[in-house]
Amino acid sequence: MDRRLTTASALLLSLGLASTARAAGDRAEAQALLQEFLKPGADPGALTKKLRPQTADYRAVFGPELGKAAEAMYKADWDAGRIVIQPKDGQSELKLSAASTEDLQKGSGEAREFPGGYGKLAPKLAAGLTIYRFRFVQPGQSLGLAFDGLVYINGHFAFFPKPFRILAEPTAEK
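Residues numbered from 1 in each chain as written. Predicted model: local features only at pLDDT ≥ 70, side-chain atom pairs only at ≥ 80, totals over all residues. Heavy atoms only, no water.

Caption draft 1: How the structure looks around the pairing of strand β1 (residues 93-100). Among the eight residues in β1, six count as buried, and that is most of the element. One ladder, built from eight bridges, connects β1 with strand β2 (residues 130-137); its direction is antiparallel. When the sheet's bridge partners are listed, Ser 100 is paired in β2 with Thr 130. (Buried < 20%, exposed > 50% of the residue type's maximum accessible area, 1.4 Å probe, protein only. Helix = DSSP H or I, 4+ residues; strand = E, 2+ residues; numbered from the N terminus. Pairing = 2+ DSSP bridges.)

As structure tokens, this is what we get:
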């Protein structure tokens, strides 16, 4: 039976009726990226640094004005190395949630896994984004160290931790 299934899959692929391609920045790619932080000997600082957003990323996610405020808010923390994704000792498993900007606006799908501040921020985010929230947990546990704000933008992942804080900045458009 397995051989027939494999043969059928190969035939569909050769006819162009099926695809093994994944969308860039999909859940599987986010999961693979975050699993790197759990590997023995991982360098969380170096791995996180690769996720530092560029100016164009801020503008693409938040728009021109709010993007400028976001970049200003995060700059000192990125420059000082205070933004680091790092599991605690014993946390060897990953729990991943994803919500589109539309889900965050409606409070639907996995949006309820995200902090409440996303509800106010969501209407100001670019349409069509998927934002990831993740937790590193000990085996068998559901609670652990939580992070949010991982976004695939401009061909790469970028990390905007707790982006709803932007709305509290005096320079942010309300």
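Caption draft 2: Summary view of the side chain of Asp 26. For Asp 26, the location among the structural elements is in the loop between α1 (2-14) and α2 (27-35). Asp 26 has contacts with Tyr 132 and Phe 157, leaving out every residue within four places of it along the chain. (Contact = heavy atoms within 4.5 Å.)

Caption draft 3: Spatial organisation of the pairing of strand β3 (residues 144-153). Across seven bridges, the pairing between β2 and β3 is antiparallel. Paired with Phe 136 across the strands is Leu 145, a residue of β3. Count of turn residues in the β2/β3 antiparallel hairpin: six residues, of which Gly 140 carries a positive phi of about 80°. Note: β3 against strand β4 (residues 156-159), four bridges, orientation antiparallel. Each bridged residue has a counterpart across the sheet, and for Leu 150 the counterpart in β4 is Phe 159. Where β3 folds back on β4, the antiparallel hairpin that results is connected by two residues, among which Asn 154 adopts a positive phi of roughly 55°.

Caption draft 4: Here's a closer look at the pattern of salt bridges. Overall, the coordinates contain six salt bridges when judged by the stated rule. One salt bridge connects Glu 36 with Lys 39, and the closest N-O pair in it is separated by 2.8 Å. With a shortest N-O distance of 3.1 Å, Arg 59 and Glu 71 are connected by a salt bridge. Placement of Arg 59 in helix α4 (residues 55-62) and of Glu 71 in helix α5 (residues 64-79) is noted, with a sequence separation of 12 residues between them. (Salt bridge = Lys/Arg side-chain N within 4 Å of Asp/Glu carboxyl O.)

Caption draft 5: Representation of the packing of aromatic side chains within the structure. Evaluated as defined, the whole model comprises 14 aromatic pairs. Relative to Phe 136, the ring of Phe 37 has its centre 6.5 Å away and its plane inclined at 45°; by these criteria the two rings are tilted. Placement of the pair is Phe 37 in the loop between α2 and α3 (44-49) and Phe 136 in strand β2, with a sequence separation of 99 residues. Residue Phe 37 shares its accessibility class with Phe 136, and that shared class is buried. Among the aromatic side chains, those forming a connected cluster through ring pairs are Phe 37, Phe 134, Phe 136, Phe 147 and Phe 159. (Phe/Tyr/Trp six-rings, centres within 6.5 Å; stacked < 30°, edge-to-face > 60°.)

Caption draft 6: Fine view of the packing of α4 against α5. Two elements in contact, α4 and α5, have axes whose closest approach is 8 Å; the angle formed by their N-to-C orientations is 135°. The orientation of α4 relative to α5 falls into the category oblique. The chirality of how α4 crosses α5 is right-handed. The segment α4 lies against α5, with Thr 55, Tyr 58, Arg 59 and Phe 62 engaging Pro 64, Leu 66, Gly 67, Lys 68, Ala 70, Glu 71, Tyr 74 and Trp 78. Partitioned by chemical class, the residues of the contact of α4 with α5 number seven nonpolar, two polar and three charged. (Axes fitted to C-alpha atoms, helices over the stretch in contact; angles between N-to-C directions. Parallel < 35°, antiparallel > 145°, perpendicular 65-115°, else oblique. Left-handed = near helix turned anticlockwise from the far one by under 90°. Nonpolar A, V, L, I, M, F, W, Y, C, P; charged D, E, K, R; others polar.)

Caption draft 7: Up close: unusual backbone geometry. Here the phi dihedral of Asn 154 falls at roughly 55°; this positive angle occurs in a residue that is not glycine. In this fold, Asn 154 is placed in the loop between β3 and β4. Taking relative accessible area as the criterion, Asn 154 reaches 47% and is therefore assigned partly exposed. Its identity is not glycine, yet Lys 162 carries a phi of approximately 45°, on the positive side.

Take it as geometry only, folks, not as evidence of what the structure does.
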